[in-house]
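# Close look at the chain arrangement
Residue-level listing of the chains:
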Amino acid sequence: MINIAIPKGSLQNQTLQLFAQAGLEIKRTEREYNARINDPRVGKVKILRPQEIPSYVAKGYFDLGISGTDWVVESGADVVTVAELDYGKQGPGKVKVVVAVPESQGAESAKDVLPGSRISTEYPSLTRKFFEGLGIPVEVEYSYGATEAKVPELADGVVDLTETGSTLVKNGLKIIDVILESTSELIANKDSWADPDKKEEIQAIETMLFAVTRARGKVLIALNVPEDQIEDVIALLPSMKRPTVSKLYNSGYYAVQSVVDRSGINLLIPQLKKAGAEDIIEVAISKIVP
């Protein structure tokens, strides 16, 4: 059986939703940080701060964990990245660890930051390495939150995590550099990954989780098409590989199915209708296993 650490805080709701959609519902007990999954492959489940999870996984307290790329890099934990699950607190996508300074400063990139500047951050190791790489000595000061509020009285700039940058802008800051892009990662202990039995269990769980993330943003579209218009419709229809086409019994029609991006469905359906498609059905997809 494998032990799993999942993140509390901003990633918690999205993680709980992901596991539930994968058929691995996490049920919390009376003690908030202990949980369980009704699956014979899973033993202990613990809800912990994402900052701590990479180190705990590296030390073998857990076989598997979920944390952000930012905390994996910041901790320097020696773990195996099994998969990028590509979600944040607001849903699918990546966030960025950025360098930001007051709008009034003339700096246009991190290379313009003055030597000796005070940089407030929750990522001291990442920040030191970044500015050392630029050859700029700075004073790195650890922030326990509300990092953007430290400028200008307590800091000259910040290194912070952002999705849209709107909070930084509201506090009179501008982004002048991106240190790294971060997403949620499924990480494994190296010894667990080297164990054939545990690796098989880890890969089985990864398959189910990745199947959910792969399906997000996709829909199944099904339609009927007259024989003489099938080529026109197929030419418009995107697919993962190729559309599925079958002849309707005793008729001059074909049935067509394809998986397409949800984001463009509002434009695609009218085009298909105009090209001759009939009886168009859009179906939500819960999982796609490649």
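The notes below deal with the structure included here. (Residues numbered from 1 in each chain as written. Predicted model: local features only at pLDDT ≥ 70, side-chain atom pairs only at ≥ 80, totals over all residues. Heavy atoms only, no water.)

## Observations concerning the overall build of the chain
Looking only at helices and strands, the chain has nine helices and 18 strands in total. Taken against the 2.2 N^0.38 rule, which gives 19 Å for 290 residues, the C-alpha radius of gyration of the chain at 24 Å runs more than 25% over that of a compact globule. For the chain, the C-alpha atoms occupy an extent of roughly 80 × 50 × 35 Å along the three principal directions. Evaluated residue by residue, the chain yields a buried proportion of 44% over its 290 residues. Considering only contacts in the chain between residues 6 or more positions apart, those separated by 24 or more positions represent 68%. Looking at the chain as shown, the accessible area adds up to about 15,200 Å², and 48% of this sits on carbon and sulfur atoms. (Helix = DSSP H or I, 4+ residues; strand = E, 2+ residues; numbered from the N terminus. Rg over C-alpha atoms; globule rule 2.2 N^0.38 Å. Buried < 20%, exposed > 50% of the residue type's maximum accessible area, 1.4 Å probe, protein only. Contact = heavy atoms within 4.5 Å. Areas by Shrake-Rupley, 256 points an atom, 1.4 Å probe, with all protein chains shown as cover.)

## As for the sheet that holds strand β9 (residues 95-102)
The strand order across the open sheet built from five strands is β11-β10-β12-β9-β13, with neighbouring strands paired in mixed fashion. Two strands lie at the open edges of the sheet, namely β11 (139-142) and β13 (173-182), each paired on one side alone. On average, each strand axis in the sheet is tilted by 25° relative to the strand beside it, whichever way the strands run. Both β9 and strand β12 (residues 157-162) contribute to a ladder of five bridges, which runs antiparallel. Following the sheet pairing, Val 98 is matched in β12 by Asp 160. (Pairing = 2+ DSSP bridges. Axes fitted to C-alpha atoms, helices over the stretch in contact; angles between N-to-C directions.)

## Some words on the packing of aromatic side chains
One pass over the full model with this rule turns up four aromatic pairs. Measuring from ring centre to ring centre gives 5.4 Å for Phe 130 and Phe 131, while their planes differ by 85°; the resulting arrangement is edge-to-face. A relative accessible area of 18% places Phe 130 in the buried class. For the pair Tyr 142 and Tyr 144, a centre-to-centre distance of 4.7 Å together with 85° between the ring planes defines the contact as edge-to-face. Cation over ring: Lys 247 sits above Tyr 254, and NZ or CZ is 5.7 Å from the ring centre. (Phe/Tyr/Trp six-rings, centres within 6.5 Å; stacked < 30°, edge-to-face > 60°. Lys NZ or Arg CZ within 6 Å of the ring centre and 35° of its normal.)

## Quick notes on helix α4 (residues 124-134)
When we look at burial in α4, the residues that qualify are Pro 124, Leu 126, Thr 127, Phe 130 and Phe 131. Buried residues in α4, looked at end-on, bunch into an arc of 160°, giving them a common side. Along α4, exposed side chains directed more than 90 degrees from the buried face belong to Lys 129, Glu 132 and Gly 133. On its buried face, α4 is in contact with α3 (69-75), β9, β10 (118-121), β11, β12 and β13. The first or second residue beyond α4 is Gly 135, which carries a positive phi of 75°. (Arc of directions from axis to C-beta.)

## Details of helix α7 (residues 196-215)
In this model α7 runs 28 Å from its N-terminal to its C-terminal C-alpha over 20 residues, within 8% of the 28 Å that 1.5 Å per residue would give. Those residues of α7 that fall on the buried side of the exposure criterion are Ile 202, Ile 205, Glu 206, Leu 209, Ala 211, Val 212, Thr 213 and Ala 215. Backbone nitrogen of Asp 197 and a side-chain oxygen of the N-cap are separated by 2.9 Å at the start of α7; the cap is Asp 195. One or two steps after α7, the chain reaches Gly 217, where phi turns positive at roughly 85°. (Expected span 1.5 Å × (residues − 1). Polar contact = N/O pair within 3.5 Å; in protein donor to acceptor, adjacent residues only side chain to side chain.)

## Structural notes on the nonpolar core
Core analysis: the largest hydrophobic core is formed by 27 residues, its most contacted members being Phe 19, Ile 26, Ile 37, Leu 64, Ile 205 and Leu 209. Contributions of two or more residues to this core are made by β1 (2-7), α1 (12-21), β3 (34-37), β4 (42-48), β5 (64-68), β6 (80-84), β14 (184-188) and α7. Tallying contributions element by element places α7 first for this core, with four residues. Excluding residues that lie within four positions of it along the chain, Phe 19 makes contacts with Ile 6, Leu 24, Glu 25, Ile 26, Ile 37, Ile 66 and Leu 209. Residues Ile 119, Ile 136, Val 159 and Ile 176 belong to the second largest nonpolar core, which totals 19 residues. (Core = buried A, V, L, I, M, F, W, Y, C linked by side-chain atoms within 4.5 Å.)

## Focus: the pairing of strand β17 (residues 253-261)
Put simply, side chains in a regular strand alternate between the two faces of the sheet. Here strand β15 (residues 218-226) runs beside β17; their pairing, made up of nine bridges, is antiparallel. Across the sheet, Leu 223 pairs through a bridge with Val 256, a residue of β17. The pairing of strand β16 (residues 244-247) with β17 spans four bridges and is classified as antiparallel. The residue bridging Ser 246 from the neighbouring strand is Ala 255, located in β17.

## Observations regarding the environment of Leu 154
You can see Leu 154 is positioned in the loop between β11 and β12. Considered as a pair, Leu 154 and Glu 141 are 13 residues apart in the sequence and their alpha carbons are 9.3 Å apart. If near-sequence neighbours (up to four positions away) are discounted, Leu 154 is found in contact with Arg 118 and Glu 141.

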